[in-house]
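# Structural features, examined
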Amino acid sequence: GQSVLADPEPILRRIQAPTLLVWGEKDALVPFDNAADYVKFVEITAPLIRKRVPKSFLIGGSFSGIPYAYLEEALTAGLAKHVDAISYHPYQPTPEANYAGRIRALKSLMRRHKPSLQLWQGENGAPSSPNSSGALSQWAWDEPSQAKWLTRRLVTDLAYGVGVQFRLLSLG
C-alpha cells in the first residue's frame, strides 16, 4: 500500500475501466494491519481514481469470506464515504448453509452507514484439479460438481439480492 501511495501515477495511468476494486482481500493479506489502515488507503486513492475516471464505480472490501467485525470496523472508520459497493468472497462447501442470516446482517450494517451501498459477491468457484491450493481445495472436485456448486452459489446470491458481476482490472 505505501509504495502505491508514494507514486500512484503509474497505476492510475492504466485505469480505464469504470468499475474498480480498491485492493482485494485486505482483511487476509498484508499490507493492511487493520480496517482503519485500509480505510486510510481508500480515503487517499478513491479521490485520485474518481478524478481520473469521473463516473467510476468503486468497490471496497473484497473481503476473504464474510468478516462482519472487520467490515463493521471499516465502515465505522469511514469506508462507505468513498465506495459504492462492498464485495466479499463467500467460499463455503455448501453455498446456502447459514447464508441468509449472514447476508441480512451485512446489509443491515451497511444500511446504517450508507443506505445506497451495494453488496456484491466478487469471487467464487472451486478448484479444477485435485490437490490444488486455495479456497475449497480440501474437497475433491470435477467439472459436474463445480458446475452444480457454482449454480447453487449464484442462485443463492441472486435470491438474497446480492450482486454477482463486475469487471476486474489487474494492476499486476
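In the block above lies the structure referred to throughout.
Figured I'd write up the structure that's included with this text.

### With respect to the overall build of the chain
For the chain, the count of helices and strands is six helices and four strands. Counting only residues that meet the buried cut, the chain has 42% of its 172 residues in that class. Restricting to contacts in the chain with at least 6 residues of sequence separation, those with at least 24 account for 79%. When the accessible surface of the chain is split by element, carbon and sulfur atoms take 54% of a total near 9,300 Å².

### Brief notes about the packing of aromatic side chains
If you walk through the whole model with that rule in mind, you get four aromatic pairs. Ring plane angle 75° and centroid distance 5.5 Å describe the contact between Phe 63 and Tyr 70, whose orientation is recorded as edge-to-face. Per residue, the accessibility class of Phe 63 equals that of Tyr 70, and both read buried. Ring centres of Trp 141 and Trp 149 lie 6.1 Å apart, and the angle between their planes is 80°; on these two criteria the pair is classed as edge-to-face. Accessibility classification places Trp 141 together with Trp 149 in one group, the buried group. The ring of Tyr 99 is capped by Arg 153, whose NZ or CZ atom sits 4.2 Å from the centre of that ring.

### Remarks on empty space enclosed by the protein
As enumerated under the stated definition, the model contains one cavity of 30 Å³ or more in all. In this structure, the largest cavity occupies an estimated 30 Å³ of space. Lining the largest cavity are Phe 63, Ile 66, Pro 67, Leu 71, Ile 86, Tyr 88, Leu 106 and Leu 119. Taken together, the residues of the lining of the largest cavity break down into eight nonpolar, no polar and no charged.

### Some details on helix 6 (residues 143-159)
Between the first and last C-alpha of helix 6 there are 24 Å, a value that for 17 residues agrees with the 24 Å anticipated at 1.5 Å per step. For helix 6, the set of buried residues is Gln 146, Trp 149, Arg 153, Thr 156 and Asp 157. Here the buried residues of helix 6 occupy an arc of 105° about the axis, which is enough to place them on one side. Residues of helix 6 that are exposed and point more than 90 degrees away from the buried face comprise Glu 143, Lys 148, Val 155, Leu 158 and Ala 159. Elements that come into contact with the buried residues of helix 6 comprise strand 3 (85-89), helix 5 (99-113) and strand 4 (118-121). The opening residue of helix 6, the one whose side-chain oxygen lies 2.8 Å from the backbone nitrogen of Ser 145, is Asp 142. Following helix 6 by one or two positions, Gly 161 has its phi on the positive side, about 70°.

What counts, and at which threshold
- Residues numbered from 1 in each chain as written.
- Predicted model: local features only at pLDDT ≥ 70, side-chain atom pairs only at ≥ 80, totals over all residues.
- Heavy atoms only, no water.
- Helix = DSSP H or I, 4+ residues; strand = E, 2+ residues; numbered from the N terminus.
- Buried < 20%, exposed > 50% of the residue type's maximum accessible area, 1.4 Å probe, protein only.
- Contact = heavy atoms within 4.5 Å.
- Areas by Shrake-Rupley, 256 points an atom, 1.4 Å probe, with all protein chains shown as cover.
- Phe/Tyr/Trp six-rings, centres within 6.5 Å; stacked < 30°, edge-to-face > 60°.
- Lys NZ or Arg CZ within 6 Å of the ring centre and 35° of its normal.
- 1 Å grid on protein atoms, 1.4 Å probe; cavity = no way out; pocket = protein on both sides within 12 Å on 5 of 7 lines; lining within 4 Å.
- Points joined across faces, edges and corners; volume = space filled by probe spheres on them.
- Nonpolar A, V, L, I, M, F, W, Y, C, P; charged D, E, K, R; others polar.
- Expected span 1.5 Å × (residues − 1).
- Arc of directions from axis to C-beta.
- Polar contact = N/O pair within 3.5 Å; in protein donor to acceptor, adjacent residues only side chain to side chain.

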